Amino acid sequence: MDCCLVANEVVEEHRKKKKKGWVFKVDFGKAYDNVDWRFLEFVLQKKGFGERWRKWIRVDALGRLVDKAKELNEVRGPVVGRENLKISHIQFVDDTLFLLQTERHVMAMVEIIKLFEQKSGLKINFEKSVVLGINCEDEVFGLAQAIG
């Protein structure tokens, strides 16, 4: 299913049911400018992986950190649809969209992202990243200030 469509459906369901939630779009800086991936790039290229696939492999490490945080109940995404799907993040090429239930989950995600940035060398462009509240407009300003 198209990632944009999934994100839109999550937001619309929250609005219709008047449920609170958070959307946190994280923008990644240019990976090749910040990471020394020479050996990994060489191996992946020799195995036939194109540039797009190699970038996705690097960003997938963030998904694994998020999955671990979900196991530990540090972050929780919304439960949506008739099948009660649990969606916490959607990854695009240069951006990741986190769908979270509470302010506490957003703050935990900020810490996870900072850890990922430190360990992977991928830089997060916080100036292009955005936090949006769903049915919690009053809390957005305070949360944005807390994130920095």
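Structural data are supplied above this passage.
Residues numbered from 1 in each chain as written. Predicted model: local features only at pLDDT ≥ 70, side-chain atom pairs only at ≥ 80, totals over all residues. Heavy atoms only, no water.

Assigned secondary structure in the chain consists of six helices and six strands. Reading the chain from its N end, one meets helices and strands in the order α-β-α-α-α-β-β-β-β-α-β-α. In the chain, of all internal contacts separated by at least 6 residues, the share reaching a separation of at least 24 is 72%. Counting only carbon and sulfur atoms, one obtains 53% of the accessible surface of the chain, whose full area is about 9300 Å². (Helix = DSSP H or I, 4+ residues; strand = E, 2+ residues; numbered from the N terminus. Contact = heavy atoms within 4.5 Å. Areas by Shrake-Rupley, 256 points an atom, 1.4 Å probe, with all protein chains shown as cover.)

The next thing to look at is helix 5 (residues 103-120). Over its 18 residues, helix 5 extends 25 Å from the first C-alpha to the last, a length consistent with the 26 Å expected when each residue adds 1.5 Å. Taken together, the buried positions of helix 5 are His105, Val106, Ala108, Met109, Val110, Ile112, Ile113, Phe116, Glu117 and Ser120. Positive phi appears at glycine 121, one or two residues downstream of helix 5, with a value of about 85°. (Expected span 1.5 Å × (residues − 1). Buried < 20%, exposed > 50% of the residue type's maximum accessible area, 1.4 Å probe, protein only.)

Attention now moves to the sheet that holds strand 6 (residues 130-134). As summarised here, the arrangement of the four strands in space is 4-5-1-6, forming an open sheet in which the pairing is antiparallel. Looking at strand neighbours, the two that pair on one side only are strand 4 (89-91) and strand 6, the edges of this open sheet. Across the sheet, the axes of successive neighbouring strands diverge by a mean angle of 15°, strand direction being ignored. Each of strand 1 (21-27) and strand 5 (95-100) touches helix 5; the most contacted strand, strand 1, lies at about 20° to it. (Pairing = 2+ DSSP bridges. Axes fitted to C-alpha atoms, helices over the stretch in contact; angles between N-to-C directions.)

Moving on, we get to the pattern of salt bridges. Tallied over the entire structure, the rule returns five salt bridges. Linking aspartate 67 and lysine 70 is a salt bridge whose minimum nitrogen-to-oxygen distance equals 3.6 Å. Of this pair, aspartate 67 and lysine 70 are both found in helix 4 (residues 51-71), three residues apart, which corresponds to roughly one turn of the helix. A relative accessible area of 34% places aspartate 67 in the partly exposed class. By relative accessible area, which is 29% here, lysine 70 ends up partly exposed. Lysine 68 is the salt-bridge partner of glutamate 71, the closest N and O atoms lying 3.5 Å from each other. Of this pair, glutamate 71 and lysine 68 both sit in helix 4, three residues apart, roughly one helical turn. Among the residues examined, glutamate 71 registers a relative accessible area of 59% and is labelled exposed. Judged by its relative accessible area of 45%, lysine 68 is partly exposed. A cluster of three or more residues bridged by salt bridges with shared partners is formed by Glu13, Lys17 and Lys19. (Salt bridge = Lys/Arg side-chain N within 4 Å of Asp/Glu carboxyl O.)

This part takes up the layout of surface pockets. Of the volumes computed, that of the largest pocket is approximately 280 Å³. As for the largest pocket, its lining consists of 12 residues, of which Glu9, Glu13, Val80, Gly81 and Leu85 are closest to the centre. The element contributing the most residues to the lining of the largest pocket is helix 1 (residues 3-17), with five residues. Across the lining of the largest pocket, the residue classes tally to seven nonpolar, one polar and four charged. (1 Å grid on protein atoms, 1.4 Å probe; cavity = no way out; pocket = protein on both sides within 12 Å on 5 of 7 lines; lining within 4 Å. Points joined across faces, edges and corners; volume = space filled by probe spheres on them. Nonpolar A, V, L, I, M, F, W, Y, C, P; charged D, E, K, R; others polar.)

This paragraph deals with the nonpolar core. Counting residues in each nonpolar core, the largest one holds 23 residues, and the members touching the most others are Phe24, Val75, Phe98 and Met109. Counting residues per element, the ones that place at least two in this core are strand 1, helix 4, strand 5, helix 5 and helix 6 (137-147). The greatest single-element share of this core, amounting to seven residues, is contributed by helix 5. With 11 residues, the next largest nonpolar core counts Val6, Val11, Ile87 and Ile90 among its residues. (Core = buried A, V, L, I, M, F, W, Y, C linked by side-chain atoms within 4.5 Å.)

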